[in-house]
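Reading the structure
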2 protein chains.
Amino acid sequence: MKIALDAMGSDARPVPDVDGAVQAAREFGITVILVGDQDKIKTELAKYDTKGLDLPIVHAPGEISMTEHVEAVKAKKDASMNVGVRLVKQKEADAFVTAGNSGAAMAAALFGLGRIRGIERPALGSVYPTAKGRCFLLDIGVNTEVKAEYLYQFAIMGSCYAQRVMGIASPRVALLSVGEEEGKGPITVRDAYALLKNSKLNFIGNVEGKDVPHGEADVVVSDGYAGNIVIKLSEGLAETLVGFIKAEIKKRPVAIAGAMLAKPAFDALKTKLDYAEFGGGILLGVDGVAIIGHGRSNAKAIKNAIRVGKQAVEGNMLDAIRTGLSAS
Amino acid sequence: MKIALDAMGSDARPVPDVDGAVQAAREFGITVILVGDQDKIKTELAKYDTKGLDLPIVHAPGEISMTEHVEAVKAKKDASMNVGVRLVKQKEADAFVTAGNSGAAMAAALFGLGRIRGIERPALGSVYPTAKGRCFLLDIGVNTEVKAEYLYQFAIMGSCYAQRVMGIASPRVALLSVGEEEGKGPITVRDAYALLKNSKLNFIGNVEGKDVPHGEADVVVSDGYAGNIVIKLSEGLAETLVGFIKAEIKKRPVAIAGAMLAKPAFDALKTKLDYAEFGGGILLGVDGVAIIGHGRSNAKAIKNAIRVGKQAVEGNMLDAIRTGLSAS
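Let me sum up the structure you'll find in this document. (Residues numbered from 1 in each chain as written. Chains lettered and ligands numbered in written order. Predicted model: local features only at pLDDT ≥ 70, side-chain atom pairs only at ≥ 80, totals over all residues. Heavy atoms only, no water.)

Let's talk about the pattern of salt bridges
Residues and elements named next belong to chain A. In the structure shown here, the tally under the stated rule is 34 salt bridges over all chains. A salt bridge links Lys47 to Glu44; the shortest N-O distance between them is 2.9 Å. A residue is classified by how much of its surface remains accessible, and Glu44, at 6% relative accessible area, is buried. When the shortest N-O distance is used, the salt bridge between Asp218 and Arg172 registers 3.0 Å. Here Asp218 is found in the loop between α8 (211-214) and β9 (219-221), whereas its partner Arg172 is found in the loop between α6 (148-164) and β7 (173-176), with 46 residues between them in sequence. (Salt bridge = Lys/Arg side-chain N within 4 Å of Asp/Glu carboxyl O. Buried < 20%, exposed > 50% of the residue type's maximum accessible area, 1.4 Å probe, protein only. Helix = DSSP H or I, 4+ residues; strand = E, 2+ residues; numbered from the N terminus.)

Shown next, in the form of C-alpha cells:
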C-alpha cells in the first residue's frame, strides 16, 4: 500500500504533514510518499526517527496557496497537489491525501483522475459524529446546484463509502429534507426520493436536521449548500454551546469547582467532536481515491486522513461504486 | 391592544393555551381573545383567578388537527384558526397567535389576511440564540424553492422584524452561504447578493453555517430548506451534545459530583436554548401579524408568543415592511 501525501498541504506545512506521515507509516506499516519541495521535506523528516519506515520523497517544486483559485491548478503542473494526483493516475500510489486548499485539491483530483464512468458529478463527503456513532454526509460543498440524478448518485457513492470504509454492512441511506414524509422538501429532493425508493440501497426516506446528530441514518444525502451548512453550523454550534457553559460556570464559584471535577468528561466530549479524529473529507466519484483534509490539520488529522485513504483502497471502494452504479 | 389566541392550538390544548393567555393578560395588561370551543375554554378558564383581566371568548366550534392538511383550512370556516385570523382581518384584534398545525396556520393566515402589497412570498422566521445574544432567521420552512427576489424581500422583512420587535437599531443582514466571499453559493444566493449590495439595508454579505451561532449577523436569510435544517439541526445537536456530556459524566464518579456542583450553570444554558423563551415563529409578508408557535408549547411559550405579537404591533412592523419595500 502506497499513499501519496501532499507534504505542502496544511496551513502549517510541512510540519504536521510530515509528522502525520511518519506516524501513519509506523502505525499502519504502509509506504507514505511525501510529495513537495524535497529540501524542505528532508529537513523536516530529519527531526524524526524514521528507521524501518518507508517514506520516499517525490520532488514537486510548486505550491498552491490557500487563496489561489482553480486556475492555479491548471497553470502549476509541478505543484505538489498535481504531482501527487499524477502518482495515483500512473498507479505509482494507491491514494492521494492533502490538507491543502480544498477547492484547488478537488480541481486537481478531478482534472488529474477524471470521473468514474457514469458519475455525473463528484461530491465531497465527511464523517459526522452522532449520538449513535458516526454517519457519512455528502455533498458538503462542491455542488451547490444539483439535479435529482446527482443526489441519487451521491446516495450510491455514500452507501459504498459507509460499507467499504466505515464497515457498515447495510447502511441506512436518507435524504436530508424539511419533513420525513415523501413529498416534503425541494423538488430535487422529492424527485430523488422517487429514484431512491426504487433502488437497491437501504433507503429509509427523508430525515430532518435534528435526525442527523441523533444518528437516524448512516448516510445523509443533500446538495452541497445544505451539507456545507450542516458541517459548519455543527462546528460553530458546538463551540458556542461549550462557550455558553464555560461562561455560566465562571459566574458561579461552586460551579467552577464542579467543572474542574467534571473536566475529564468534557475532554472526552472534545475528543468525540474533534475533526482531527475523522480524517478529512473524501472526494467521491473521481477515478481514484482522494482525501481532502482541513487546512488546519494537525499531525493526528493527517495520520487519520491517510488511514481513511488506506481503508478506501483496502475496501475496494472504487469498484464498489462502479458496481453500485450499474446495479442500483 | 387585543391579541386573538387560538385556544385550541397546542398539542395539549386548551391547557397551556389558556394558561399562557391568563399570564399574558396579567403580565402585559392586554386583552387576549380566546378563540375556540367556548365550553372547553370556560371550563379551563374557571381554574384561574382572572379578576381584573380581559379575556373574552369568541366561539369557534371547529378544530384543525396536527395531521390535517391545507384543504382542512379551506373547508372548516369555523375552525379556531380561521376565526382567529378573521378577527385580525376585521380589525377586531391586532394580532393572531396559534400553537397549532403550522402548515395549516400559515395557510389560514395567508388565505385570511392576504399578502402585503408587493410581497412575492411570505416567509416564516424565528429567533435563534447566539453567542452574542439572538439573531433572526428566515425562511425556516415555507419556501423550499426560492428566487433571488424572494431572498431580497426576506432580507427586508427580517430587517424590519429585528428593528421593530427585537429592538436592534441597524440590524446586520446576511445571506447564508457556503463561503463569505461574493460569488459563493447557489445562483439564487449570488443573485440576491447583487440585489442586497445595492439596497439600503445594513447588508454585511454572506455568512457561513458557523457564523450563525457565533452571532455574526442579526438577520440571516436563506431559502426554507436550509433555514429549516439550521433550526432543526441546532435543536438536535444541542440535545445530542448534552446527551454526550451526561453519558461521559456518568462514567466517572468524581465527574458526577462535579456535575452536581455545576448544575446551576447547565440550567442557565437550558434556559438560553429553551424555545419557549422565544415565542415561536412569525409569518412575515402577510397583511397582519401572525405568530405560529411550537405544537408542544407550554404556557410560557404561549405567553411569549403573545408578547412577540404585541411587540410586532407596538413596533408597527407591518408599516415598516411596507415602507422598507418601497425604500430599499
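Back to the write-up after that little detour.
Focus: the interface of chain A and chain B
Across the contact, 55 residues belong to chain A and 54 residues belong to chain B. Overall, the association of chain A and chain B removes approximately 4600 Å² of surface from exposure, summing both partners, and the carbon and sulfur fraction of that is 76%. On the chain A side of the interface with chain B, the three residues burying the most area are Tyr225, Leu233 and Phe244 of chain A, jointly 15% of the side's total. The tally of links between chain A and chain B comes to two salt bridges. Residues Glu208 of chain B and Lys232 of chain A are paired through a salt bridge, measuring 3.1 Å at the closest nitrogen-oxygen approach. Our enumeration of links across chain A and chain B arrives at twelve residue pairs in polar contact (both at pLDDT 80 or more). (Contact = heavy atoms within 4.5 Å. Buried area = accessible area lost by both parts, 1.4 Å probe. Polar contact = N/O pair within 3.5 Å; in protein donor to acceptor, adjacent residues only side chain to side chain.)

Description of the packing of helix α9 (residues 224-250) of chain B against helix α10 (residues 253-273) of chain B
When two helices pack together, their arrangement is given by the angle between the helix axes and by the axis-to-axis distance. Residues and elements named next belong to chain B. Where α9 contacts α10, the axes come no closer than 11 Å and their chain directions differ by 170°. When the interaxial angle is binned, α9 and α10 end up roughly antiparallel. Here α9 contributes Ala238, Ile245, Ile249 and Lys250 to the contact with α10, which in turn contributes Ala255, Ile256, Ala259, Phe266 and Leu273. The residue inventory of the contact of α9 with α10, partitioned by class, reads eight nonpolar, no polar and one charged. (Axes fitted to C-alpha atoms, helices over the stretch in contact; angles between N-to-C directions. Parallel < 35°, antiparallel > 145°, perpendicular 65-115°, else oblique. Nonpolar A, V, L, I, M, F, W, Y, C, P; charged D, E, K, R; others polar.)

Section: a nonpolar patch on the surface
Together, Val254 and Leu261 of chain A together with Val254 and Leu261 of chain B make up an exposed nonpolar region whose accessible area comes to about 320 Å². For the nonpolar patch, the secondary-structure elements that each account for two or more residues are α10 (253-273) of chain A together with α10 of chain B. Position of Leu261 of chain B relative to the elements: it lies in helix α10. On the basis of relative accessibility, which here comes to 35%, the residue Leu261 of chain B falls in the partly exposed class. (Patch = residues over 30% accessible without salt bridge, like charges linked within 9 Å, V, L, I, M, F, W, Y side chains within 5 Å. Areas by Shrake-Rupley, 256 points an atom, 1.4 Å probe, with all protein chains shown as cover.)

What about the sheet that holds β7 of chain A?
Judged by pairing direction, the sheet is mixed, and its eleven strands sit side by side in the order β3-β2-β1-β4-β11-β10-β5-β6-β9-β7-β8 (chain A) without closing on themselves. Both edges of this open sheet fall to β3 (57-59) and β8 (203-207) of chain A, since each of them pairs with a single strand only. In this sheet, adjacent strand axes meet at a mean angle of 25° when their direction is disregarded. Two strands pair when backbone bridges link them, and strand β6 (residues 133-138) of chain A and β9 of chain A are joined in this way by three bridges, in the parallel orientation. Residue pairing across strands places Leu137 of chain A opposite Val220 of chain A, the latter belonging to β9 of chain A. Sheet contacts for α9 of chain B: β5 (123-130) and β7 of chain A; angle to β5 of chain A, the most-contacted strand, approximately 35°. (Pairing = 2+ DSSP bridges.)

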